[in-house]
Amino acid sequence: MRKILIVDDRTDNRYLLRALLQGHGFTVEEADNGIAALASARTHRPNLVISDLLMPAMDGYTLLREWKADPSLAPIPFVVYTATYTEPRDERLALDLGADAFIVKPAEPDVFMHAVENVLAATAADKQPAAKPRTDESVVLKEYNQILIGKLEQRSAQLEARVAELQQAECRLERLNRLYAALSATNHTIVHAADAADLLQATCRIAVERGGLAAAWIGLLSPGSEELRVAANHGAPLPWLEHLAPLTTQPPPRTPAEIATASGRTYLCNLLQADAALVHLHEAFAQAGVEAAVAVPLQLDGSVNGCFTLFAREAGFFDDAMTELVTEMASDIAFALENFERDARSQRAEETAHLLGRAVEASANGIMITDPRQPDNPLIHVNRAFERITGYSASEALGRNPRFLAASDTGQRGLTELRMAIKSGREVDVVLRNYRKDGSLFWNELSVAPVYDAAGRATHCVGVINDITERIAYEEALERRNNEDPVTGLASRNLLRDRSNQAIAFARQDGRALALLLIDLDNFKRINDGLGHDAGDQMLKEIARRIRGCVDAHDTVARLGGDEFVVMLADLASPQTAALVAARILRAVRTPIIAHGREIEISASIGASVFPQDDDDFDALLRDADAAMYRAKDAGRNTFRFYTSDMNAEAVTKLEMEARLRRAIAQDELVLHFQPLYEAQSGSLFAAEALVRMRAADGGLIPPGNFIPLAEETGLILAVGRWVMLAACREARRWIDMGREMQVAVNLSARQFNDAGLTEHIHDCLAETGLSARLLKLEITESMVMCNAVQAAQILSGLKALGVGISVDDFGTGHSSLAYLRRFPLDQLKIDRSFVHDAAQDEDSAAIVRGIIALARSLRLQTVAEGVETAEQARFLKDAGCDLLQGYYFNRPLESEALARLLAT
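Read on for an overview of the structure.

Rules used in this analysis
- Residues numbered from 1 in each chain as written.
- Predicted model: local features only at pLDDT ≥ 70, side-chain atom pairs only at ≥ 80, totals over all residues.
- Heavy atoms only, no water.
- Salt bridge = Lys/Arg side-chain N within 4 Å of Asp/Glu carboxyl O.
- Helix = DSSP H or I, 4+ residues; strand = E, 2+ residues; numbered from the N terminus.
- Pairing = 2+ DSSP bridges.
- Contact = heavy atoms within 4.5 Å.
- Axes fitted to C-alpha atoms, helices over the stretch in contact; angles between N-to-C directions.
- Phe/Tyr/Trp six-rings, centres within 6.5 Å; stacked < 30°, edge-to-face > 60°.
- Lys NZ or Arg CZ within 6 Å of the ring centre and 35° of its normal.
- Buried < 20%, exposed > 50% of the residue type's maximum accessible area, 1.4 Å probe, protein only.
- Polar contact = N/O pair within 3.5 Å; in protein donor to acceptor, adjacent residues only side chain to side chain.
- Parallel < 35°, antiparallel > 145°, perpendicular 65-115°, else oblique.
- Left-handed = near helix turned anticlockwise from the far one by under 90°.
- Nonpolar A, V, L, I, M, F, W, Y, C, P; charged D, E, K, R; others polar.
- Disulfide = S-S within 2.5 Å.
- Core = buried A, V, L, I, M, F, W, Y, C linked by side-chain atoms within 4.5 Å.
- Arc of directions from axis to C-beta.
- Lys, Arg positive; Asp, Glu negative; His and termini not counted.

### Topic: the pattern of salt bridges
Side chains that carry opposite charge are capable of pairing whenever their charged atoms lie near each other.
And then number 1: Throughout the structure, instances matching the rule amount to 37 salt bridges.
And then number 2: Measuring nitrogen to oxygen at the nearest pair gives 2.8 Å for the salt bridge that ties Asp-70 to Arg-42. Of this pair, Asp-70 sits in the loop between α3 (60-69) and β4 (78-82) while Arg-42 sits in helix α2 (residues 34-43), placing them 28 residues apart in sequence.

### Structural notes on the sheet that holds strand β8 (residues 247-248)
And then number 1: Read across the open sheet, the six strands follow the order β8-β7-β6-β11-β10-β9; overall the sheet is antiparallel. Of all strands in the sheet, those bounded by a partner on one side alone are β8 and β9 (267-269).
And then number 2: Looking at chain direction, strand β7 (residues 227-235) and β8 are connected through two bridges and run antiparallel. Of the residues in β8, the one forming a bridge with Glu-227 is Thr-248.
And then number 3: Lying on the sheet, helix α7 (residues 196-209) is in contact with β6 (215-221), β7 and β11 (303-312); it crosses β7 at an angle near 45 degrees.

### Looking at the sheet that holds strand β2 (residues 27-31)
And then number 1: Pairing in this open sheet of five strands is parallel, and the strands run β2-β1-β3-β4-β5 from one edge to the other. The sheet is open, and its two borders are formed by β2 and β5 (101-104), each paired with just one other strand. For this sheet the average axis-to-axis angle between neighbouring strands, irrespective of direction, equals 20 degrees.
And then number 2: Two elements, strand β1 (residues 3-7) and β2, share five bridges in a ladder whose sense is parallel.

### Considering the packing of aromatic side chains
And then number 1: Throughout the structure, instances matching the rule amount to ten aromatic pairs.
And then number 2: Aromatic ring contacts, followed pair by pair, group Trp-240, Phe-285 and Phe-311 into a single cluster.
And then number 3: Over the face of the ring belonging to Phe-404 we find Arg-400, whose NZ or CZ atom lies 4.0 Å from the ring centre.

### Comments concerning α3
And then number 1: Burial of α3 is extensive: seven of the ten residues sit out of reach of the surface.
And then number 2: Of all the positions in α3, only Gly-60, Tyr-61, Thr-62, Leu-63, Leu-64, Trp-67 and Lys-68 are classed as buried.
And then number 3: Where α3 begins, the capping side chain belongs to Asp-59, and its oxygen is found 3.2 Å from the backbone nitrogen of Tyr-61.

### Examining the packing of α2 against α3
And then number 1: Here α2 crosses α3 at 25 degrees, and the two axes come no closer than 9 Å. Taken together, α2 and α3 sit at an angle that is classed as roughly parallel. The crossing of α2 and α3 is right-handed. Between α2 and α3, the residues in contact are Gly-34, Ala-37, Leu-38 and Ala-41 and Leu-63, Glu-66 and Trp-67, respectively.
And then number 2: By residue class, the composition of the contact of α2 with α3 is five nonpolar, one polar and one charged.

### Let's talk about the pairing of strand β17 (residues 513-521)
And then number 1: Of all nine residues in β17, nine are buried, a share of seventy percent or more.
And then number 2: Of the two faces of β17, the one carrying Ala-513, Ala-515, Leu-517, Ile-519 and Leu-521 and the one carrying Leu-514, Leu-516, Leu-518 and Asp-520 are both buried.
And then number 3: Bridge count for β17 against strand β19 (residues 564-572) is seven bridges, and the pairing is antiparallel. Looking at the pairing, Asp-520 lines up with Glu-564 of β19.

### Brief notes about the state of the cysteines
And then number 1: Applying the stated criterion across every chain, the model contains zero disulfides.
And then number 2: Considering cysteine sulfurs only, Cys-204 is the nearest to Cys-307, which forms no disulfide, with 11 Å between them.
And then number 3: Free of any disulfide, Cys-729 has its nearest neighbouring cysteine sulfur in Cys-765, separated by 5.2 Å.
And then number 4: The class for Cys-729 is buried, based on a relative accessible area of 0%.

### Some points on the nonpolar core
And then number 1: Within the largest apolar cluster, 81 residues are counted, with the highest numbers of intra-cluster contacts made by Phe-753, Leu-776 and Leu-799.
And then number 2: Other than its neighbours up to four places away in sequence, Leu-776 contacts Met-725, Cys-729, Gln-743, Val-744, Val-746, Ile-762, Leu-766, Val-804 and Gly-805.

### Describing helix α4 (residues 88-96)
Structural remark: α-helix, 3.6 residues per turn; residues separated by three or four positions point the same way.
And then number 1: Residues of α4 that are buried include every one of Asp-90, Leu-93 and Ala-94, and no others. Viewed along the axis of α4, the buried residues span an arc of 100 degrees, placing them on a single side of the element.
And then number 2: Gly-98 sits one or two positions beyond α4 and adopts a positive phi of about 110 degrees.

### Some details on the environment of Thr-261
And then number 1: In this fold, Thr-261 is placed in helix α9 (residues 256-263).
And then number 2: Its relative accessible area of 5% is what places Thr-261 among the buried residues.
And then number 3: Of note is the side chain of Thr-261, whose polar atom sits 2.7 Å from the backbone oxygen of Ala-257.

### A word on the side chain of Asp-563
And then number 1: Tracing the backbone through its elements, the reader meets Asp-563 in the loop between β18 (556-561) and β19.
And then number 2: Buried within the structure, Asp-563 lacks any salt-bridge partner; its nearest side chain of opposite charge belongs to Lys-633, at an N-O separation of 6.1 Å.
And then number 3: What Asp-563 contacts, discounting residues up to four positions off in sequence, is Ile-519, Asp-520, Leu-521, Phe-524 and Leu-540.

### A short note on the pairing of strand β16 (residues 458-467)
And then number 1: As judged from the five bridges shared by strand β12 (residues 366-370) and β16, these two strands associate in the antiparallel manner. Looking across to β16, one finds that Gly-366 is bridged to Ile-465.
And then number 2: As judged from the nine bridges shared by strand β15 (residues 441-452) and β16, these two strands associate in the antiparallel manner. When the sheet's bridge partners are listed, Asn-444 is paired in β16 with Asp-467.

### Details of unusual backbone geometry
And then number 1: Residue Ala-245 is joined to Pro-246 through a cis peptide bond whose omega torsion reads 0 degrees.
And then number 2: Looking at where Pro-246 falls in the secondary structure, it is placed in the loop between α8 (239-243) and β8.
And then number 3: Cis geometry is adopted by the peptide bond preceding Pro-252, which originates at Pro-251 and carries an omega value of -5 degrees.
And then number 4: Tracing the backbone shows Pro-252 in the loop between β8 and α9.
And then number 5: Here the phi dihedral of Asp-301 falls at roughly 55 degrees; this positive angle occurs in a residue that is not glycine.
And then number 6: Positionally, Asp-301 belongs in the loop between β10 (292-300) and β11.
And then number 7: Judged by relative accessible area, which is 53%, Asp-301 ranks as exposed.

### Some remarks on the packing of helix α23 (residues 717-737) against helix α25 (residues 758-769)
And then number 1: Interaxial distance between α23 and α25 falls to 9 Å at its minimum, and their mutual angle equals 30 degrees. Between α23 and α25, the angle falls in the class roughly parallel. Viewed along their axes, α23 and α25 form a crossing whose handedness is right-handed. In this structure, α23 uses Arg-722, Met-725, Leu-726, Cys-729, Arg-730 and Arg-733 to contact α25, whose residues at the interface are His-761, Ile-762, Cys-765, Leu-766, Glu-768 and Thr-769.
And then number 2: Across the contact of α23 with α25, the residue classes tally to six nonpolar, two polar and four charged.

Keep in mind these numbers describe shape, not what the thing actually does.
Below you can see the structure in the form of structure tokens.
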């Protein structure tokens, strides 16, 4: 096997060559210098020697000379492999000394092995012998000496440069070590400093004494101003800071500290004399003996609150590592200042809270605190006065909404005003009727104010309870004495005037309406004359009781005298509500009365005036109502009239429509039409929405807008809704029998939604028709569920338990809470037609539609766009990712038979 001797003073070089050569089938011997190589070769003769040139003890050139001078070794080929002697004259000298090949490190393995194999092949027994020295030895030695001297000079220069680098690195390392020590000492000071002033002064002293800096300076912004005041300094005097005082963040910046503070970024200059922006300070820098500076802004609670500035006597002092350390020191200082300020605030807050707590507990008024961030705004604290006034212990009250004090008396105007104030986050003062634990009434003068956090969010509400029961009782006694009708117990004219003026003021403020109904009994004088005044008084008491039963608790019923009564209807949702109340009063009065053993029938004539349409003060409204009452008398009595003629026409129309609706419900004259829903992507028919219509006397159809609002007002909506629910389920069952399984959607009114029997009725409809619950979808409005989100969630959970689908109609027009929307068991959001109508042309509407679709997708809800009327709208909604489309672009509402034909095709 062929043997190769490797000569190299570096172990790693020998390892790599050995691995390469052994991989090609050679046996390898090694030597780390020329002397060892000669000894090894004379003992174990190799086939080839590969030698480096730069080696201790005996270099490669000397080895080559000795090798070729030895007759026993001269025939063995000699290959030079070097990384140091790589110039042409180096190679020429090696060849002149008898080298067979000259290879420069590093060589590619294939190239290297090719050269080795060529040398071995060339010196085989049957070919030319190994190379011999080609030049006179004296000439070779002279060339060798020149090369060696050049290499030594080059190596000496490299060593000198390396020594300079090491000295520079040692100096830099010393600087870094000193600054690290300063950073460590600063952190130790942060932990043990008594206050911020001690910390800042100690930090400046440490930076100078331990960090090797010329001077250190810290400035802080004065509260509420842009002035940068000196907080601490140490080291060389910096007189320009005093001459330029006060320092400020106002432009133009004049010092490193001002530049860093104003910009919020680190200022770094390693040659201050070269900074043109600070030319006015160059002489001052020279006098102070400072060459470099770094200024780092101090960030407290996310904003710049000051600056940490360091000066060095050497130019180029602050390299990247040094600057990073200075920045870390500034960050630690800012962190410590934040902690000091936080501790100070916490201590002040604790002292204030302790004082407030003692004040709250010592207060004679009841104090309650609620948390509006929690569901239903529960009580989280009450004081002892609250327990004394209400009779409820703290453990019984905490966790409940304060409305429990109102018991079932929830129709108070003060409660509505209180809810609106809490919702809008404003203070409010109201007077409420509240009830103690034993059920006894107490009058509560309640003041509620929100408490805000630093971000402007209401975190708590504080309520102060003042028990004014005795004051109210005294006032009521006086009021009854002066303002109560002695016969009927109704309000007198005086009280009616006061309450009406108050109601007018509230209505004017809230933009609402109110009405006065003047009621005059027809032919009442005959009763007094025929049966006597005692019988007449008994009848007046009974009629007063009946009138009171026709109005709400917050409305006022008064007797003006004789047989005249007035009803003041406050806070009307619509002026036409007065017509409904008047109709109820006429029916109530018309019911026969038993007096002195006789059944007596009596009727009334009613005149109505409305604020603000007719007049804007009590006397004028009463006069208008009186005029309207005489019109009712002239119309034949037992009727009512509005002061304004167009209101009379509307009232008559409304009464006729109410009668028509009652007849339609009783005689099954309601019909269903269906609005198809199509899949946006495939265009296939997916579901249908049930829409109720009513037959007119002439056989035509009355649209829902003409009778649904009236059904809501009169309560007939429950009967209409029950009919629609059963009819829709029957129609969906019919579709199945035709071979088409398809979902039907039914709209729920607000009264239906809150009807206690809703879930049971839907269950009965599904059972009667055999319709699967998954084929029934209930549509509710956004405002319906957000009116009382907690109650709505309970109702929706009950409906969802049946297995029906739930859709939110007119989405985007109300005020949804996303937190509640996420908790509601919904299946579908229905985008309101107002957004769909403009989405293809108006970018704002388009953005809203895309946002609703994205929101629904994130909540895993299906989306429906209603009111699609054009192909352009349909394309936009399809591209936006809407799931279902409905509107006149596809179909107008269809009768059941027309829909059946559509299903068949």
